[in-house]
Amino acid sequence: MADQTNHGAEATQKSDAAYWAANVRIIVISLIVWALVSFGFGILLRPALSGISVGGTDLGFWFAQQGSILVFLALIFFYAIRMNKLDKEFGVEE
Amino acid sequence: MDQFTINLLFVGASFALYIGIAIWARAGSTSEFYAAGRGVHPVTNGMATAADWMSAASFISMAGLIAFTGYDNSSFLMGWTGGYVLLALLLAPYLRKFGKYTVSEFIGDRFYSPTARVVAVICLIVASTTYVIGQMTGVGVAFGRFLEVSNTAGLLIGACVVFAYAVFGGMKGVTYTQVAQYCVLIMAYTIPAIFISLQLTGTPIPALGLFGEHTASGEPLLAKLDAIVAELGFAEYTAHHADTFNMVLFTLSLMIGTAGLPHVIMRFFTVPKVSDARWSAGWTLVFIALLYLTAPAVGAMARLNITEMMWPGGTSGDPVSVEMIEGDERYNWMATWEKTGLLGWEDKNGDGKIAYFNDQDADTVAKMEAAGWGAENELTKFNRDILVLANPEIANLPAWVIGLVAAGGLAAALSTAAGLLLAISSAVSHDLIKGSINPSISEKGELLSARVAMAVAIAVATYLGLNPPGFAAQTVALAFGLAAASIFPALMMGIFTKVNNKGAVAGMVSGLVVTLIYIFLHKGWFFIPDTNSFTDADPLLGTIKSTSFGAVGALINFAVAFTVSKMTQPIPQEIEDLVESVRVPRGAGAAVDGH
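Small disclaimer: the values here were computed from a predicted structure and weren't measured.

1. Focus: the overall build of chain A
Looking only at helices and strands, chain A features two helices and two strands. Starting at the N terminus and ending at the C terminus, chain A contains elements arranged as α-β-β-α. Against the globule reference of 12 Å for 94 residues, chain A gives a C-alpha radius of gyration of 20 Å, more extended than a compact globule. Overall, chain A is about 65 × 20 × 15 Å in size when its C-alpha atoms are taken along their principal axes. Relative to its 94 residues, chain A shows a buried fraction of 46%. For chain A, the exposed area adds up to about 4700 Å²; of that, 67% sits on carbon and sulfur atoms. A distance of 10 Å separates the average location of the 6 positive side-chain charges in chain A from that of its 8 negative side-chain charges.

Okay, here's the thing in structure tokens:
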């Protein structure tokens, strides 16, 4: 039931724009983390992290073969939880 | 019971399970055939998507790719999982909200252009077909090895099984079968890994064992591996040798390609709500990560095991003798795999020993000659694809584990093949027949045409599996390149920007054409050997290999689309409304009722 009797069409449009802006902000932050752990820690910044040793090798290797995958998982669940909350805040949930 | 009977038992039991599920979950409507009635729980969908995504390449090849290269092939691990972040954040929820059945349908509607839809269908069919060939060949190889039948017979059995459950069950049958296949493949992958991790590190969790201590030497496992391969003249396992720029670009291409593969995207149409699509992407990655966190451990541990078997007295001791390989029970796997032609050794200097080392490295050659083992590496062939399948035998695990691995390899190949065939058949029946040729077709007629399209697709895939066009391996790069350069950017711009029809078509076509040309310049025109002008060792642009070009293609797509869109008419009001509605979850339920 999509009709929102308590909102005027204009108000809905405005809140939809704010909802979208909030969503894009969460996406940008998540993608910065996504790039940092994989391309950053896993590849480009590996030399800078070489001093930190993890199980017989360095932190960069750990990020490349294990850490980035764990962070990816955390990111997707963070996004799902955060967005479900945002849906409720803006009253746009199904 | 001998190994053959055990393999037969495991594979037979798993097949009976798949067929049973298929009969239980028959599709009666187009909604069930294309989207399983949109009634799939997000966790169930996650498991099915994981099986759909993890193909013979993930199950059979990936650990081998990592084992023999080490750190440099981390790209596969990050690329094939990182794509799910893009999918979950940028595509899945909005496409679910859109509420139609196929990826091309979204592109066609959003860009109000039948041309865009046809371009998307072509990309989809080419990408899926090239991908499915590899799966069918994998089915043939796995059957050939474990059931001791010919490749041809194995492939035909596999095709009949896929036919049985995909044609009748559609998305509904395929989804529930894939759940069972996921369970089989993940057990098959992790159980041997747990045994091996216990043997080497005393830790039952392989991912922890990888960074744990090697019990026999008391050193960290990776430090031990680095030392032992370095002594034989190979590149250090954990060190970075690849070109950094190309590695970044390759990883990015795999990520974008993963997020653009239509058979994966369409899975998110099957869940009931937009919020379920977000959760489902997370669950998919959980189930994928179980294998992807295990794979690097499998690779490193197998490399260590193999190296130690070739040098039973340590690298400063004697290499393994021919007598031992032929007589000792622990080396039986070498004889079994030699028969397949994927493993080979030769006592070149006639000293009765098989010395395994890097004979391209001058220092090591000098060292080996001084020790009297000759100047040439005598383990002449070790196909990387046998690593996972031979791993339980190498680690001397019980016969039932080997049977389980056989069933797991087949589950991985069959589940991906079914998902791809489904993507092809819905593109043909829904986008081509209903979308352009005969829009007034009845639901019954559409369902029938979907099944016929599926049967034809299976026949074509089987034929190509039996007569692989020599370039099967290269075409996987093509599938990812197409998905990255055409499908992903089009979908993303459709949701996040107001790019118009002309911009989208120009972007897709230019991304596609430039990527194709770049791949053909390096792999040969239409993959015909010796028609290439460049090689991946010495690429046209800097260090960018043709396999890494997908990301560049995507960039070209975005740039052209924005430029053309700026210069042409803005999108009409109804499309503006469509974009606004896709961005907000409210009302997704109503869209489903409309079908």
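Having seen it, we continue.
2. Some words on the pattern of salt bridges
Opposite charge on two side chains allows them to pair when their charged atoms are near. Residues and elements named next belong to chain B. Within this structure, the stated rule accounts for 13 salt bridges over all chains. With a shortest N-O distance of 2.6 Å, arginine 117 and aspartate 431 are connected by a salt bridge. Taken together, the residues arginine 117 in helix α7 (residues 114-146) and aspartate 431 in helix α18 (residues 399-437) connect sequence positions 314 residues apart. Note on accessibility: arginine 117 and aspartate 431 belong to one class, buried.

3. Structural notes on the packing of helix α10 (residues 221-231) of chain B against helix α13 (residues 274-310) of chain B
Residues and elements named next belong to chain B. Contact geometry of α10 with α13 gives a least axis separation of 10 Å together with a crossing angle of 45°. In terms of their interaxial angle, α10 and α13 are classed as oblique. Between α10 and α13 lies a crossing of left-handed hand. Here Leu221, Leu222, Lys224, Leu225, Ile228 and Val229 of α10 come into contact with α13, specifically with Ala300, Met301, Arg303, Leu304, Thr307 and Glu308. In terms of residue class, the contact of α10 with α13 is made up of eight nonpolar, one polar and three charged.

4. Focus: unusual backbone geometry
Most peptide bonds are trans, and most residues other than glycine sit at a negative phi. Residue and element names in this part refer to chain B. Non-glycine residue alanine 36 carries a positive phi angle of around 50°. Note that alanine 36 resides in the loop between α2 (30-35) and α3 (42-53). Exposure remark for alanine 36: the relative accessible area of 8% places this residue in the buried category. Backbone geometry places asparagine 396, a non-glycine residue, at a positive phi of 60°. Its location among the elements puts asparagine 396 in the loop between α17 (386-394) and α18.

5. A look at the interface of chain B and chain A
Tallying the contact residues gives 55 residues for chain B and 44 residues for chain A. Of the roughly 4400 Å² buried where chain B meets chain A, counting both sides, 73% is carbon and sulfur surface. Among the residues of chain B in contact with chain A, Phe211(B), Arg278(B) and Arg586(B) are the three that bury the most area, contributing 18% of the side total. Here chain B is connected to chain A by two salt bridges. For Asp16(A), the salt bridge goes to Arg586(B), with nearest N and O atoms at 3.0 Å. Run the count over chain B and chain A and you get 13 residue pairs in polar contact (both at pLDDT 80 or more).

6. Brief notes about helix α6 (residues 103-110) of chain B
Residues and elements named next belong to chain B. Within α6, seven of the eight residues are buried, which leaves the element mostly enclosed by the surrounding structure. Every buried residue belonging to α6 is among Val103, Ser104, Glu105, Phe106, Ile107, Gly108 and Arg110, and all of these are buried. Structurally, the start of α6 carries an N-cap: the backbone nitrogen of glutamate 105 is 3.1 Å from a side-chain oxygen of threonine 102. Count one or two residues on from α6 and you reach tyrosine 112, which has phi positive near 30°.

7. With respect to the nonpolar core
Residues and elements named next belong to chain B. Trp53, Phe59, Ile107, Tyr165 and Tyr292 are the most contacted members of the largest nonpolar core, which has 233 residues in total. Examining the composition of this core, we find that 20 residues originate from one element, helix α8 (residues 151-201), more than from any other. In contact with tryptophan 53, not counting residues within four places along its chain, are Trp80, Tyr84, Tyr131, Thr258, Leu261, Val264, Ile288, Tyr292, Thr416 and Phe480.

8. Section: the domain arrangement of chain B
Interface size is often expressed as the accessible area that is lost when the parts come together. All names here are of chain B. Its domain assignment divides chain B into domain 1 (1-93 + 114-320 + 391-468), domain 2 (321-390) and domain 3 (472-595). The distance between the C-alpha centroids of domain 1 and domain 3 comes to 24 Å. Taken together, the contact between domain 1 and domain 3 spans 36 residues of the former and 34 residues of the latter. Here domain 1 meets domain 3 over a buried area of about 2800 Å², counting both sides, of which 81% is carbon and sulfur. The largest contributions to the domain 1 side of the interface with domain 3 come from Leu90, Cys123 and Ile256, which together make up 18% of the buried area. Taken together, the connections running from domain 1 to domain 3 amount to zero salt bridges.

9. Focus: a nonpolar patch on the surface
All names here are of chain B. Taken together, the side chains of Val509, Val513, Ile517, Trp525, Phe526 and Ile528 make up a nonpolar region of the molecular surface, amounting to roughly 520 Å² of accessible area. Looking at the element boundaries, valine 513 is found in helix α21 (residues 501-523). The class of valine 513 is partly exposed, set by a relative accessible area of 38%.

10. Some words on the packing of aromatic side chains
Within a pair of aromatic rings, the relevant descriptors are the distance that separates the centres and the angle that separates the planes. Inspection of the entire model under this criterion finds 31 aromatic pairs over all chains. When the ring of Trp20(A) is compared with that of Phe496(B), the centres are 5.2 Å apart and the planes differ by 45°; the resulting orientation is tilted. Residue Trp20(A) is found in helix α1 (residues 9-44), and its partner Phe496(B) is found in helix α20 (residues 472-496); the two belong to separate chains. For the pair Trp20(A) and Phe496(B), a shared accessibility class is recorded, and that class is buried. Arranged with centres 4.9 Å apart and planes meeting at 55°, the rings of Phe41(A) and Phe63(A) form a pair that is tilted. Within this pair, whereas Phe41(A) is found in helix α1, its partner Phe63(A) is found in helix α2 (residues 59-89), the two being separated by 22 residues in sequence. When its relative accessible area of 10% is taken as the criterion, Phe63(A) is described as buried. One aromatic cluster is present, built from ring pairs that chain together Trp53(B), Phe76(B), Trp80(B), Tyr84(B), Tyr131(B), Phe250(B) and Phe480(B). One residue, Arg46(A), lies across the ring of Tyr71(B), its end atom 4.1 Å from the ring centre. Its guanidinium or amino end placed over the ring of Phe234(B), Arg303(B) lies 5.4 Å from that ring's centre, counting from NZ or CZ.

11. Re α8(B)
For α8(B), which comprises 51 residues, the first-to-last C-alpha distance of 38 Å sits more than 12% below the rise-based estimate of 75 Å (1.5 Å per residue). Of all the bends in α8(B), the largest measures some 130° and sits at Gly170(B).

Conventions we followed
- Residues numbered from 1 in each chain as written.
- Chains lettered and ligands numbered in written order.
- Predicted model: local features only at pLDDT ≥ 70, side-chain atom pairs only at ≥ 80, totals over all residues.
- Heavy atoms only, no water.
- Helix = DSSP H or I, 4+ residues; strand = E, 2+ residues; numbered from the N terminus.
- Rg over C-alpha atoms; globule rule 2.2 N^0.38 Å.
- Buried < 20%, exposed > 50% of the residue type's maximum accessible area, 1.4 Å probe, protein only.
- Areas by Shrake-Rupley, 256 points an atom, 1.4 Å probe, with all protein chains shown as cover.
- Lys, Arg positive; Asp, Glu negative; His and termini not counted.
- Charge placed at Lys NZ, Arg CZ, Asp CG, Glu CD.
- Salt bridge = Lys/Arg side-chain N within 4 Å of Asp/Glu carboxyl O.
- Axes fitted to C-alpha atoms, helices over the stretch in contact; angles between N-to-C directions.
- Parallel < 35°, antiparallel > 145°, perpendicular 65-115°, else oblique.
- Left-handed = near helix turned anticlockwise from the far one by under 90°.
- Contact = heavy atoms within 4.5 Å.
- Nonpolar A, V, L, I, M, F, W, Y, C, P; charged D, E, K, R; others polar.
- Buried area = accessible area lost by both parts, 1.4 Å probe.
- Polar contact = N/O pair within 3.5 Å; in protein donor to acceptor, adjacent residues only side chain to side chain.
- Core = buried A, V, L, I, M, F, W, Y, C linked by side-chain atoms within 4.5 Å.
- Domains from an automatic or database assignment.
- Patch = residues over 30% accessible without salt bridge, like charges linked within 9 Å, V, L, I, M, F, W, Y side chains within 5 Å.
- Phe/Tyr/Trp six-rings, centres within 6.5 Å; stacked < 30°, edge-to-face > 60°.
- Lys NZ or Arg CZ within 6 Å of the ring centre and 35° of its normal.
- Expected span 1.5 Å × (residues − 1).
- Bend = angle between axes of the 7 residues up to and from the residue.

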